[in-house]
Amino acid sequence: MNRYEPVTDDVLTVLKSVRENHFPELQGAEILCVFDTKKKVTKGKLELASIAAVDEMKKFLTMDDALNGEGYDYIIRIDKLAWHYGTTENRVRLLRHELRHTNVLSETLKPWKLRGHTIEDFQSEIRLNSENVQWAMDLAIMTLAAHEQNEGSDS
Ligand SMILES: [Zn+2]
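Each chain has its residues counted from 1, running along the sequence as written. Local features in a predicted model are, by the rule used here, given only for residues with pLDDT of at least 70; side-chain atom pairs are given and counted only at 80 or more, and totals for whole chains, interfaces and linings are based on all residues.

**A few points about the sheet that holds strand E5 (residues 49–53)**
Alright, step 1. The strand order across the open sheet formed by four strands is E1-E2-E6-E5, and the pairing between neighbours is mixed. Among the strands making up the open sheet, the edge pair consists of strand E1 (4–6) and E5. Within the sheet, the average angular offset between the axes of one strand and its neighbour, ignoring direction, is 30°.
Alright, step 2. What makes two strands pair is DSSP finding at least two bridges between them. What counts as a helix is a DSSP run of H or I of at least four residues, what counts as a strand is a run of E of at least two, and both are numbered from the N terminus. Where E5 lies against strand E6 (residues 74–79), five bridges are found, and the strand directions are antiparallel. Paired with serine 50 across the strands is arginine 77, a residue of E6.
Alright, step 3. Distance between backbone-placed C-beta atoms decides contact: two residues are in contact if it is within 7 Å. To get an axis, a line is fitted to the C-alpha atoms, and for a helix only the part in contact is used. The angle between two axes follows their N-to-C directions and goes from 0 to 180 degrees. Most of the contacts of helix H4 (residues 88–100) go to E5, to which it runs at about 30°, and overall it touches E5 and E6.

What follows is the structure, encoded as structure tokens:
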């Protein structure tokens, strides 16, 4: 069985509102969201979600699925359990954080790029998350425990 699954409609609803409220420059970008049923740990840290820019091969392979007929520009991978346990506000924070990584080079042929964390991005996110700065840590702890429970029941 593939570790990835299609997302539920509520993901698309949150994505739509986050895009409209914070990322007008992403109008025209095709974004695919997938649920990851497995945990992804990078440098000892659980990745609740991550975003990738789509290379030309993947774009070609997803041509028939994307609405624009040209394939997806970005893929957002979301830990399925994190989404499940996340509050409505957590879900917004999760997708908003991932979209912060986009770097739109308009007026170029391939505008859909990514960027790493910059102090500026962090500041705007920290401001928006000021009522709960611990949210990602808390959600990661809950999600990791849920993964461990699932792994235990697999065998
Ligand atoms: Zn990030």
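Next comes the rest of the description.
**Let's talk about the nonpolar core**
It is characteristic of soluble globular proteins that their nonpolar side chains tend to be buried jointly.
Alright, step 1. For our purposes the nonpolar core covers buried Ala, Val, Leu, Ile, Met, Phe, Trp, Tyr and Cys residues that link as a set through C-beta atoms within 7 Å. Counting other C-beta atoms within 10 Å of each residue's C-beta, where C-beta atoms are placed from the backbone, gives the exposure class: buried for 20 or more, exposed for 12 or fewer, partly exposed between. Leu15 and Ile78 are the most contacted members of the largest nonpolar core, which has 23 residues in total.
Alright, step 2. Going through the elements one at a time, helix H1 (9–22), strand E2 (31–36), E6, helix H3 (80–85), H4 and helix H6 (135–154) are the ones with two or more residues in this core.
Alright, step 3. Ignoring any residue separated from it by four or fewer positions in sequence, one finds isoleucine 78 in contact with Val7, Val11, Cys33, Phe35, Asp36, Ala49, Trp83 and Leu94.

**Some points on H4**
Alright, step 1. To estimate the expected span of a helix, subtract one from its residue number and multiply by 1.5 Å. Across its 13 residues, H4 extends 19 Å between first and last C-alpha, which sits within 8% of the 18 Å expected from 1.5 Å per residue.
Alright, step 2. Among all positions in H4, only Asn90, Arg91, Arg93, Leu94, Leu95, Arg96, His97, Glu98 and Leu99 are buried.

**Considerations on the pairing of E6**
Alright, step 1. Most of E6 is tucked away: five of the six residues are buried.
Alright, step 2. Note that E2 and E6 share six bridges and pair parallel. Within E6, the residue paired with valine 34 across the bridge is arginine 77.

**Examining H1**
For the α-helix, the turn length of 3.6 residues means that residues three or four positions removed from each other point alike.
Alright, step 1. Taking 1.5 Å of rise per residue, 14 residues should cover 20 Å, and H1 covers 20 Å from first to last C-alpha, within 8% of that figure.
Alright, step 2. Buried residues along H1 sit against E2, E6, H3 and H4.

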